[in-house]
Amino acid sequence: MKTAQSGPAEAAGRTSEGPRSLTRILALFDLLARCKRHMSLSELSIAIDCPKSSLLVLLRPLTEKGYLMREEDNYFLGPRIFQFAQSILTNHPFESVLRGVMNDVVNQTGETILFAVRDGEKVIYSSVIESPQPVRYVAQQGINRPLFCSASGLVMLAFDTQQELDDYFRRTELKPLTPNSITDENELRGLISEIRKTGYSSTAGTAHVDAAGFGVPVFRADGHLAGALVIGAPLERAKRNKKRYVAAAKTAAEQLSRALGYRSEFEETGRH
């Protein structure tokens with residue numbers, strides 16, 4: 001007995017429809033997670049570039065299962081999606097995400113990657129993955145550095161309030177670690193102001209004579225700093241590859257911030 005067989009065009013259509021529907025569902029969840037209000041069918045259709053008729057086919061089962069809620073023709077996230085998210089966070093804590101992202105940066109740059117958290121007047125390296133290269137930046141997990149002369153510490157200071165920054169300089173002795181350490185308060189304030197604008201810090205020989213660091217902020221969902229991601233490298237390699245290292249660090253920090261639930265003002269506004 002012969003069985004019906006689909007032609008190439010029909011099979012291809014079915015193959016692409018599945019991934020397209022999945023992509024739209026993921027885009028839908030991402031959009032509603034970032035949006036601070038309920039959204040209508042028309043708004044959702046425009047935002048994720050999906051015809052209303054096709055979108056309704058996706059919305060109905062998601063609403064029936066509790067992943068979405070509907071109120072007066074407006075949609076928002078339902079309890080099932082929050083349960084789903086909580087399960088992920090419970091079983092896959094931030095540390096595992098952090099190590100995965102840090103490993104990616106090591107593979108991309110070939111340099112040592114650190115994650116630093118603030119401890120009063122110092123930063124502590126809470127996680128370190130060293131470069132596989134024979135000449136590399138070496139740091140031990142748990143070691144601390146002063147805020148004013150380390151790439152991670154300068155990031156922390158850059159996101160302090162003006163009052164917090166004034167208090168820090170009033171009570172801190174700016175004692176150099178190397179001949180290159182910047183100990184002039186006005187110069188440091190200028191550097192901190194620049195970090196706020198560019199979104200990264202750069203040090204060269206200020207904590208170690210022959211080492212450079214590029215630090216970027218990682219934010220929690222509430223917009224406060226969770227820590228700083230740092231690429232540490234020998235001076236000469238750092239100078240040659242600064243642009244590439246900064247770009248890699250920023251991309252990784254954005255991934256980590258999103259994993260913690262942070263959305264920038266640009267993301268909140270959206271490009272729709």
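Residues numbered from 1 in each chain as written. Predicted model: local features only at pLDDT ≥ 70, side-chain atom pairs only at ≥ 80, totals over all residues. Heavy atoms only, no water.

Colleague: Describe the overall build of the protein, listing the residues and the values that go with them.
Modeller: Within the protein, the regular secondary structure consists of 10 helices and 9 strands. The buried share of the protein, taken over its 272 residues, is 40%. In the protein, the share of contacts with a sequence separation of at least 24, taken over all contacts with a separation of at least 6, comes to 57%. Summed over its atoms, the accessible surface of the protein is roughly 15500 Å², and 53% of this surface lies on carbon and sulfur atoms. (Helix = DSSP H or I, 4+ residues; strand = E, 2+ residues; numbered from the N terminus. Buried < 20%, exposed > 50% of the residue type's maximum accessible area, 1.4 Å probe, protein only. Contact = heavy atoms within 4.5 Å. Areas by Shrake-Rupley, 256 points an atom, 1.4 Å probe, with all protein chains shown as cover.)

Colleague: Give a detailed account of the packing of aromatic side chains, specifying residues and quantitative values.
Modeller: The relation between two aromatic rings is expressed through the spacing of the ring centres and the mutual angle of the planes. Applying the stated criterion across every chain, the model contains 5 aromatic pairs. The structure contains a cluster of three or more aromatic residues connected by ring pairs, namely Phe159, Phe219 and Tyr262. (Phe/Tyr/Trp six-rings, centres within 6.5 Å; stacked < 30°, edge-to-face > 60°.)

Colleague: Please provide a residue-by-residue account of the packing of helix α7 (residues 162-171) against helix α8 (residues 185-198), values included.
Modeller: Packed helices, taken two at a time, are described by the angle their axes make and the gap between the axes. Contact geometry of α7 with α8 gives a least axis separation of 12 Å together with a crossing angle of 150°. The angle between the axes of α7 and α8 places the two elements in the roughly antiparallel class. Note on packing geometry: the crossing formed by α7 with α8 is right-handed. Of the residues in α8, those in contact with Gln162, Leu165, Asp166 and Phe169 of α7 are Glu185, Leu188, Arg189, Ile192 and Arg196. Residue classes in the contact of α7 with α8 are distributed as 4 nonpolar, 1 polar and 4 charged. (Axes fitted to C-alpha atoms, helices over the stretch in contact; angles between N-to-C directions. Parallel < 35°, antiparallel > 145°, perpendicular 65-115°, else oblique. Left-handed = near helix turned anticlockwise from the far one by under 90°. Nonpolar A, V, L, I, M, F, W, Y, C, P; charged D, E, K, R; others polar.)

Colleague: How would you summarise the sheet that holds strand β2 (residues 68-71) if you had to cite specific residues and measurements?
Modeller: The strand order across the open sheet built from 3 strands is β1-β3-β2, with neighbouring strands paired in antiparallel fashion. The open sheet has two edge strands, β1 (39-40) and β2, and neither has a second partner. Bridging between β2 and strand β3 (residues 74-77) involves 4 bridges; their strand directions are antiparallel. Paired with Arg70 across the strands is Tyr75, a residue of β3. Of the strands in this sheet, β2 and β3 are in contact with helix α3 (residues 52-64), which crosses β2 at around 105°. (Pairing = 2+ DSSP bridges.)

Colleague: Any details on the packing of helix α5 (residues 94-109) against helix α9 (residues 235-259)? Residues and values, ideally.
Modeller: α9 packs onto α5 with a crossing angle of 165° between their chain directions and a minimal axis gap of 10 Å. Here α5 lies roughly antiparallel to α9, going by the angle between them. When you trace α5 past α9, the crossing you get is right-handed. Contact with α5, carried on its side by Phe94, Val97, Leu98, Val101, Val105, Gln108 and Thr109, involves Arg244, Tyr245, Ala248, Ala252, Gln255, Leu256 and Ala259 of α9 and no other residues of that element. Partitioned by chemical class, the residues of the contact of α5 with α9 number 10 nonpolar, 3 polar and 1 charged.

Nothing here speaks to function; it is geometry throughout.
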